[in-house]
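# Structural features, examined
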Amino acid sequence: MIIIGLDPGLGTTGWGVIAANGNRLSHIAHGQIRSDARAPLPERLVTLADGLRAVLAEHRPDCAGIEEVFVNSNAQSTLKLGQARGALLLCLAEAGLPVDEYAPRHVKKAVVGTGGAEKEQVHAMVATLLPRAKSAGSDAADALAIAVTHAHHAATARRIGAAA
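Conventions adopted
Residues numbered from 1 in each chain as written. Predicted model: local features only at pLDDT ≥ 70, side-chain atom pairs only at ≥ 80, totals over all residues. Heavy atoms only, no water. Helix = DSSP H or I, 4+ residues; strand = E, 2+ residues; numbered from the N terminus. Buried < 20%, exposed > 50% of the residue type's maximum accessible area, 1.4 Å probe, protein only. Contact = heavy atoms within 4.5 Å. Areas by Shrake-Rupley, 256 points an atom, 1.4 Å probe, with all protein chains shown as cover. Lys, Arg positive; Asp, Glu negative; His and termini not counted. Charge placed at Lys NZ, Arg CZ, Asp CG, Glu CD. Salt bridge = Lys/Arg side-chain N within 4 Å of Asp/Glu carboxyl O. Expected span 1.5 Å × (residues − 1).

So, about the overall build of the protein chain. A tally of helices and strands in the protein chain yields 5 helices and 5 strands. Starting at the N terminus, the α and β elements of the protein chain follow one another as β-β-β-α-β-α-β-α-α-α. Considered along the principal axes of its C-alpha atoms, the protein chain spans approximately 50 × 35 × 30 Å. When the 164 residues of the protein chain are sorted by exposure, 44% land in the buried category. By sequence separation, contacts in the protein chain at least 24 residues apart represent 63% of the contacts at least 6 residues apart. Surface accessibility of the protein chain: about 8,400 Å² in total, with carbon and sulfur atoms responsible for 54%. Across the protein chain, 16 positive and 15 negative side-chain charges occur, with their mean positions spaced 5 Å apart.

Dropping the structure here:
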């Protein structure tokens, strides 16, 4: 199964693609989609959508995991993040991909073992699990962590389904 993980952001969206074969995970690709902070919001959303469509066309994932929106003290930032996330979700839906959403604490717990893990711990664990994944920035590492989380959840769901 090919999984894409997304760490949405209006300025930078991280993406990571992995293959999951049972408990075996392997890195395929990862990167960032950047929008110009000086461009109007609609143009920035198109940049994110076009970038994701290109990644989807190249890697043809079977499913996707995306980070949920977290609410911060700046309502305007939260709203913009939600709009970026909406553009990405639209692209995933257009591609016919099933999508699961994960809270940041859930990703940390799945990858490191504790929901209070620091970003550096998450990135170190991603490097351990996917040794061929060379760093391409924090957003891409976070996206790989989301893909790993999705792989773990999909494997658990398959085991539960098989047992039932």
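From this point, the discussion proceeds with the structure in view.
To continue, consider the pattern of salt bridges. Taken as a whole, this structure holds 5 salt bridges when the rule is applied. Measuring nitrogen to oxygen at the nearest pair gives 3.4 Å for the salt bridge that ties R38 to D36. In this structure R38 comes out as exposed when scored by relative accessible area, which is 75%. Residue E94 pairs with R53 through a salt bridge whose shortest N-O separation is 3.0 Å. Of this pair, E94 sits in helix α2 (residues 75-94) while R53 sits in helix α1 (residues 41-59), and the two are 41 residues apart along the sequence. Connected through shared salt-bridge partners, D50, R53 and E94 make up one network.

Turning to the environment of V17, a few remarks are in order. Looking at where V17 falls in the secondary structure, it is placed in strand β2 (residues 12-21). Sequence-distant contacts of V17, that is, excluding residues within four places in its chain, are made with I2, I3, I4, H27, I28, A29, V55, H59 and L144.

When the terminal C-alpha atoms of α2 are compared, their 28 Å separation across 20 residues agrees well with the 28 Å that a helix rising 1.5 Å per residue should span. Taken residue by residue, α2 has T78, L81, A84, R85, A87, L88, C91 and L92 as its buried positions. At the exit of α2 stands G96, carrying a positive phi of roughly 75°.

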